[in-house]
Amino acid sequence: MSEEMERDDRVFVIGEEVGYYQGAYKVTQGLLERFGERRVVDAPIAEAGFAGLAVGAAMVGLRPIVEFMTWNFSLVAFDQIVNNAAKMHQMSAGQLRVPVVFRGPNASARQVAAQHSHAVEPFYCNVPGLRVVYPSTPRDAKGLLKTAIRDDSPVVFLEGETLYGLQGDVPEPEADELIPFGSAKLVREGHHVTVVSFGRPMPMLTKLADELEREGISLELIDARSLRPLDTATIVASVKKTNRCVVVHEHWPYGGPGAEIVDCVQREAFDYLDAPILRASNLDVPMPYALELENEVIVGPERVRAALRQVLYLD
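So, here's what we can say about the structure.

What counts, and where the lines are drawn
Residues numbered from 1 in each chain as written. Predicted model: local features only at pLDDT ≥ 70, side-chain atom pairs only at ≥ 80, totals over all residues. Heavy atoms only, no water. Phe/Tyr/Trp six-rings, centres within 6.5 Å; stacked < 30°, edge-to-face > 60°. Helix = DSSP H or I, 4+ residues; strand = E, 2+ residues; numbered from the N terminus. Lys NZ or Arg CZ within 6 Å of the ring centre and 35° of its normal. Pairing = 2+ DSSP bridges. Axes fitted to C-alpha atoms, helices over the stretch in contact; angles between N-to-C directions. Contact = heavy atoms within 4.5 Å. Core = buried A, V, L, I, M, F, W, Y, C linked by side-chain atoms within 4.5 Å. Buried < 20%, exposed > 50% of the residue type's maximum accessible area, 1.4 Å probe, protein only. Domains from an automatic or database assignment. Parallel < 35°, antiparallel > 145°, perpendicular 65-115°, else oblique. Left-handed = near helix turned anticlockwise from the far one by under 90°. Nonpolar A, V, L, I, M, F, W, Y, C, P; charged D, E, K, R; others polar. Polar contact = N/O pair within 3.5 Å; in protein donor to acceptor, adjacent residues only side chain to side chain. Disulfide = S-S within 2.5 Å.

## A closer look at the packing of aromatic side chains
Next up, step 1: Applying the stated criterion across every chain yields a total of 7 aromatic pairs.
Next up, step 2: Plain terms: the ring middles of Phe50 and Phe68 are 6.1 Å apart, the flat faces sit at 35° to each other, and that makes the pair tilted. Of this pair, Phe50 sits in helix H3 (residues 47-59) while Phe68 sits in the loop between strand E3 (63-67) and helix H4 (78-85), and the two are 18 residues apart along the sequence.
Next up, step 3: Positioned above the aromatic ring of Tyr21 is the side chain of Lys26, whose terminal nitrogen or guanidinium carbon lies 3.6 Å from the ring centre.

Below, the structure is given as structure tokens:
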């Protein structure tokens, strides 16, 4: 964000505690001191208000970044995101653009219960006019966020709440590396099963792939990372090679981008499939508070293993 704010003085940040508190998760640390109160705006607890303000600012030429303290709170601003930001370009016959980025932590953290554990990608992926991305590594987070800030469409930028502590190499500022939307990443080559995922489950799947390799099972791992638009070509090409597919996601099993990936594969690679496409997801219940129950609800390696054994006919 600081690199883009330095590059373009139309970019500003707005949200709850983004300034003097340095952000709830310290993502905006140092920005207020560097850019001042006019470009790092502490907003009251009124998501509909500051999201609407940002949409209006984008319509008249600024490039706001809206931080939701958590994406659960974006539901308060759902009307502004869905009915205003997403639709304004079409409803104005192309006269207005809305270059706004909505970003913040997504999905479950630890013991924050049902109202603070939404994986919101199924909601926003269903809305034409929005771009939806969900990085799983520091490098992807940086490259996709730079792309999002420069894009002329409203972008829903999802950050896994438990991924903030993940460390990794990122490009130096002078590299100015942008990752295009609609570009999936082949994380690991394999030949038995294609596993497609995004966001929080990716580090778990990378570790699981190492374990399964020692057991003689080779996974081809794809990080979708851009959910709308979705890179169907990379996914389909992989399934045509492995002939099997498991989709892993943290949102509920009914609908959503996981189901969209399944539909894409069965339409474009049906004749190559040697087994039904399966999904491993969270259970179809509101998130409980108790840690033992929460662990049962969130998709983990054992649920993924079960799906993999099923498509490989090992059970």
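## Details of the sheet that holds strand E11 (residues 245-248)
Picture the strands of a sheet paired through backbone hydrogen bonds; they go either parallel or antiparallel.
Next up, step 1: Overall, mixed pairing links the 5 strands, which are arranged E7-E9-E8-E11-E12 in an open sheet. With partners counted over all chains shown, the strands left at the sheet margins are strand E7 (185-188) and strand E12 (278-280), one partner each. Each adjacent strand pair in this sheet contributes to an overall mean axis angle of 25°, direction not counted.
Next up, step 2: Here E11 pairs with E12 via 3 bridges, running parallel. When the sheet's bridge partners are listed, Val247 is paired in E12 with Arg279.
Next up, step 3: Sheet strands in contact with helix H8 (residues 201-214) are E7, strand E8 (193-197), strand E9 (219-223) and E11, and its direction is about 170° off that of E9.

## Observations concerning the nonpolar core
Next up, step 1: Counting residues in each nonpolar core, the largest one holds 50 residues, and the members touching the most others are Phe68, Trp71, Phe102, Tyr124 and Val265.
Next up, step 2: Residue assignment for this core shows that the elements contributing at least two residues are strand E1 (11-15), H3, H4, helix H6 (121-125), strand E6 (155-160), helix H9 (232-242), E11 and helix H10 (256-268).
Next up, step 3: Top contributing element to this core by residue count: H3, with 6 residues.
Next up, step 4: Per-domain counts for this core show at least three residues from each of domain 1 (2-175) and domain 2 (185-311).
Next up, step 5: With residues up to four places along the chain from it excluded, the contact list for Phe68 reads Glu47, Phe50, Ala51, Ser74, Ala77, Ile81, Phe102, Arg103, Gly104 and Pro105.
Next up, step 6: Leu212, Leu219, Leu278 and Val311 belong to the second largest nonpolar core, which has 22 residues in total.

## What about the packing of H3 against H4?
Next up, step 1: It is the contact of H3 with H4, at a shortest axis distance of 8 Å, that shows an interaxial angle of 25°. In terms of orientation, H3 lies roughly parallel with respect to H4. Considering the relative orientation of H3 and H4, their crossing is right-handed. Of the residues in H4, those touching H3 at Ala48, Ala51, Gly52 and Val55 are Gln80, Asn84 and Ala85.
Next up, step 2: Here the residues of the contact of H3 with H4 are counted per class, giving 4 nonpolar, 3 polar and no charged.

## Re the side chain of His249
Next up, step 1: Locating His249 in the fold gives a position in the loop between E11 and H10.
Next up, step 2: Exposure remark for His249: the relative accessible area of 0% places this residue in the buried category.
Next up, step 3: At 3.2 Å, the side chain of His249 forms a polar contact with the backbone oxygen of His251.
Next up, step 4: Among residues more than four places away in sequence, those in contact with His249 are Phe198, Pro201, Gly258, Arg279, Ala280, Ser281, Asn282 and Val299.

## Topic: the state of the cysteines
Next up, step 1: Applying the stated rule across the entire model yields 0 disulfides.
Next up, step 2: Summary of cysteine pairing: Cys245 is not part of a disulfide, and the nearest cysteine sulfur, belonging to Cys264, is at 8.7 Å.
Next up, step 3: On the accessibility criterion, Cys245 (1% relative accessible area) is buried.
Next up, step 4: Taking the relative accessible area as the measure of exposure, Cys264 reaches 1% and is therefore buried.

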